[in-house]
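Structure at a glance
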Amino acid sequence: QVQLVESGGGLVQAGDSLRLSCAASGLTFSNYAMAWFRQAPGKEREFVAAINWRASSTYADSVKGRFTVSRDNAKNTVYLQMNSLKPDDTAVYYCAASNTLYGSRAPAYKYWGQGTQVTVSS
């Protein structure tokens, strides 16, 4: 079955960097658009970034210029490099996969990971 496993979360200070990874299995990774979403306590899940099968990417305005999404099809892994982290970036980060649509809408993504916690202290 399809599995998406996130890693790399942790507790950092404002201004620090983190790199999240999402390892995929059970699917033809190169055929899937991959995305990162996040959910902070008491808030709805929100889009962060996505990368399609041609490695084109799109970002939420709140992270543009600070976060970079990338993929390594040989390793079946998608990454989220997060720089200049802010306390508002504190959330559980989820990766998701879609082989039909690409973009910022969560319903487009069929498969989801369990999430990794990112906490940014001020």
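Up top is the structure these notes are about.
A few points on the structure.

What counts and how
Residues numbered from 1 in each chain as written. Predicted model: local features only at pLDDT ≥ 70, side-chain atom pairs only at ≥ 80, totals over all residues. Heavy atoms only, no water. Pairing = 2+ DSSP bridges. Helix = DSSP H or I, 4+ residues; strand = E, 2+ residues; numbered from the N terminus. Contact = heavy atoms within 4.5 Å. Buried < 20%, exposed > 50% of the residue type's maximum accessible area, 1.4 Å probe, protein only. Polar contact = N/O pair within 3.5 Å; in protein donor to acceptor, adjacent residues only side chain to side chain. Axes fitted to C-alpha atoms, helices over the stretch in contact; angles between N-to-C directions.

1. Remarks on the pairing of strand 3 (residues 18-25)
Looking at chain direction, strand 1 (residues 3-7) and strand 3 are connected through five bridges and run antiparallel. Opposite Gln3, over in strand 3, you have Ser25 as the bridge partner. In this sheet, strand 8 (residues 77-82) lies alongside strand 3 in antiparallel orientation, the contact comprising six bridges. Its bridge partner being in strand 8, Leu20 is matched across the sheet by Leu80.

2. Description of the environment of Thr58
Along the chain, the position of Thr58 falls in strand 6 (residues 57-59). Beyond its immediate chain neighbours, meaning those up to four positions away, Thr58 contacts Phe47, Val48, Ala49, Ala50 and Tyr102.

3. Some thoughts on the side chain of Ser98
Turning to its location among the elements, Ser98 is positioned in strand 9 (residues 91-98). We classify Ser98 as buried; its relative accessible area is 1%. Looking at Ser98, its side chain comes within polar contact range of the main-chain nitrogen of Thr100, at 3.2 Å. Apart from the residues within four sequence positions on either side, Ser98 is in contact with Asn31, Tyr32, Ala33, Trp53, Ala108, Tyr109 and Lys110.

4. A short note on the sheet that holds strand 1
Overall, antiparallel pairing links the four strands, which are arranged 1-3-8-7 in an open sheet. Every other strand in the sheet has two partners, leaving strand 1 and strand 7 (67-72) as the edge strands with one partner each. With strand direction ignored, the average angle separating the axes of adjacent strands in the sheet is 15°. As judged from the six bridges shared by strand 7 and strand 8, these two strands associate in the antiparallel manner. When the sheet's bridge partners are listed, Asp72 is paired in strand 8 with Thr77.

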